[in-house]
Amino acid sequence: MIKFNVKELMEKQNITRYRLQKLTNWNYKRINAYFFNKVISVNINELETLCDIFGCELSELIERK
């Protein structure tokens, strides 16, 4: 199982879902999918965007459980 650490990274950097939506220009459904770890398909550009926003490596964003 793949786990996205978006919620944890957001909390660590005090970024709200509203702010993340503004930074990414994604719809709330997509933001919530990452926030609640319910992502079904992954887009490489989205992962790159999240890493840029959080200033993290891909390994910090995603982990295998």
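Scroll up to find the structure.
Residues numbered from 1 in each chain as written. Predicted model: local features only at pLDDT ≥ 70, side-chain atom pairs only at ≥ 80, totals over all residues. Heavy atoms only, no water.

S.K.: Residue-level account of the overall build of the protein chain, with values.
M.R.: Looking only at helices and strands, one finds five helices and two strands in the protein chain. In sequence order, the protein chain lays out its α and β elements as β-α-α-α-α-α-β. By the compact-globule yardstick of 11 Å for 65 residues, the protein chain fits well, its C-alpha radius of gyration being 11 Å. In terms of overall dimensions, the protein chain has a C-alpha envelope of 30 × 20 × 20 Å along the principal axes. Among the 65 residues that make up the protein chain, the fraction classed as buried is 37%. Here the contacts in the protein chain between residues at least 6 apart in sequence split such that 57% fall between residues at least 24 apart. As displayed, the protein chain has an accessible area near 4,600 Å², and 49% of this comes from carbon and sulfur atoms. Positive and negative side-chain charges of the protein chain, numbering 11 and 8 respectively, have mean locations separated by a distance of 9 Å. (Helix = DSSP H or I, 4+ residues; strand = E, 2+ residues; numbered from the N terminus. Rg over C-alpha atoms; globule rule 2.2 N^0.38 Å. Buried < 20%, exposed > 50% of the residue type's maximum accessible area, 1.4 Å probe, protein only. Contact = heavy atoms within 4.5 Å. Areas by Shrake-Rupley, 256 points an atom, 1.4 Å probe, with all protein chains shown as cover. Lys, Arg positive; Asp, Glu negative; His and termini not counted. Charge placed at Lys NZ, Arg CZ, Asp CG, Glu CD.)

S.K.: So what's going on with helix H2 (residues 17-24)? Residues and values would help.
M.R.: In an α-helix, one turn spans 3.6 residues; hence positions three or four apart end up facing the same way. Here H2 has its buried residues at Leu20, Gln21 and Thr24. Relative to the axis of H2, the buried residues are bounded by an arc of 105° and lie together on one face. The inward-facing, buried residues of H2 contact helix H1 (6-12), helix H3 (28-35) and helix H4 (44-54). Looking at the residues trailing H2, positive phi occurs at asparagine 25, about 65°. (Arc of directions from axis to C-beta.)

S.K.: Please give an account of the nonpolar core that cites residues and values.
M.R.: The biggest cluster of nonpolar side chains holds 18 residues, and the ones touching the most others in it are Val6, Met10, Leu20, Tyr34, Leu50, Phe54 and Leu61. Residue assignment for this core shows that the elements contributing at least two residues are H1, H3 and H4. Each residue touching methionine 10, except ones within four places of it in the same chain, is listed here: Ile15, Thr16, Arg17, Leu20, Phe35 and Phe54. (Core = buried A, V, L, I, M, F, W, Y, C linked by side-chain atoms within 4.5 Å.)

S.K.: Hey, could you go over the side chain of glutamine 21 for me, with residue numbers and the actual values?
M.R.: Here glutamine 21 lies in helix H2. With near-sequence residues (within four places) excluded, glutamine 21 lies in contact with Trp26, Tyr28 and Ile31.

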